[in-house]
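Observations on the three-dimensional arrangement
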Amino acid sequence: MDILPALDIANGRALTHRGTDGREGSTSADPFELARSFIAQGASWIHLVDIDAAFERGNNSDVLSEVISELHGSGASVSGRHAPECRIEWSGGVRSGEDIEAALQAGADRVNLASQALVDIDRVRTLIAEFAGHLNICIDVEGDRIRPRGVDGDAGNLWEVCRILDQAGVQRYIVTERQRDGALMGPPVDLLRDLRAKTPTLLVASGGIRHIEDIHTLRREGYLDGVIVGKALYVGSLTLGEALSASQSVS
């Protein structure tokens, strides 16, 4: 089970505390230093998010590209040593084939298609066929509906949408229960179990992680492909080293 520390970028900076829409009340840090710190702690994946693109108020694609370039190039060293390979999952505001292609060209290993794109399910099926294993689908869930974060609207019934996407050959869902995002409420175990029972697609849990026991709980479930960890790392209730260790063993 992979652990993906979240690196949220807004206005060119890495958010260490995300206020409303990544604005009021937010605090920030150097994204390059934060990325290097994740590598130093053993990260093999980073969940790199363009918050401004997600909320449709511009984009930080140049910064995300520079972070990837540094991690994959001469800057990817830790204390004078060459860093182990760290792969990148690009997220935030990805809605089109052009967005996906640009992220892959920048060096991303996987790209998360925003749940807003699911309003045009036929187009999404085409994108799944085109980008295959490089493309993940975000499903932001509220009850039995897919309700994209950052914008108004409803992308349909969760189970009907997943049925269509499964038939199209989607390889991985990024699963977020909206009420848990950034709330330190614990992971959506019941939702994940329901999805596991009804879809063959790989699942990545996102949102709600509070502390080490949440990682142990998800590891014991035995079927998750990965877990995205964000706020807990920044408030100090969980370290990346603890999460990585817990993801490899059941306790």
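As the structure is a prediction and not an experimental result, all values here were calculated from the model.

**Thoughts on the overall build of the chain**
A tally of regular secondary structure across the chain gives ten helices and 13 strands. Out of the 251 residues belonging to the chain, those deemed buried represent 51%. At a minimum sequence separation of 6, the contacts of the chain that also span at least 24 residues come to 63%. Of the accessible surface of the chain, which amounts to about 10800 Å², a share of 44% is contributed by carbon and sulfur atoms.

**Let's talk about the confidence of the model for the chain**
Averaged over all residues, the pLDDT of the chain equals 90, while 90% of them reach at least 70. Low confidence marks residues 74-83, where pLDDT is under 50. Its contacts with residues over four positions away, or in another chain, come to 15 contacts.

**Digging into the pairing of strand S2 (residues 13-17)**
Bridge count for strand S1 (residues 2-10) against S2 is two bridges, and the pairing is antiparallel. The residue bridging Ile9 from the neighbouring strand is Ala14, located in S2. Sheet topology note: the S2/strand S3 (residues 27-29) ladder contains three bridges and is antiparallel. Considered in S3, the bridge of Ala14 is made with Ala29.

Analysis parameters
- Numbering of residues begins from 1 in every chain and follows the order in which that chain's sequence is written.
- Selection of residues for local features in this predicted model requires a pLDDT of at least 70, selection of side-chain atom pairs for listing and counting requires 80 or more, and totals for whole chains, interfaces and linings are taken over all residues.
- Computation of side-chain values: all heavy atoms of the structure, hydrogens and water removed.
- Helix and strand definitions here come from DSSP, where helices need a minimum of 4 consecutive H or I residues and strands a minimum of 2 consecutive E residues; each element is numbered from the N-terminal end.
- Think of it in three bands: with a 1.4 Å probe and only protein chains considered, a residue is buried below 20% of the maximum accessible area for its type, exposed above 50%, and partly exposed in between.
- We call two residues in contact when some of their heavy atoms are within 4.5 Å.
- Areas reported as accessible are Shrake-Rupley estimates using a 1.4 Å probe. Residue values count occlusion only from the protein chains shown.
- The quantity called pLDDT is the predictor's confidence in a given residue, expressed from 0 to 100.
- Should DSSP find at least two bridges between two strands, the strands are taken to pair.

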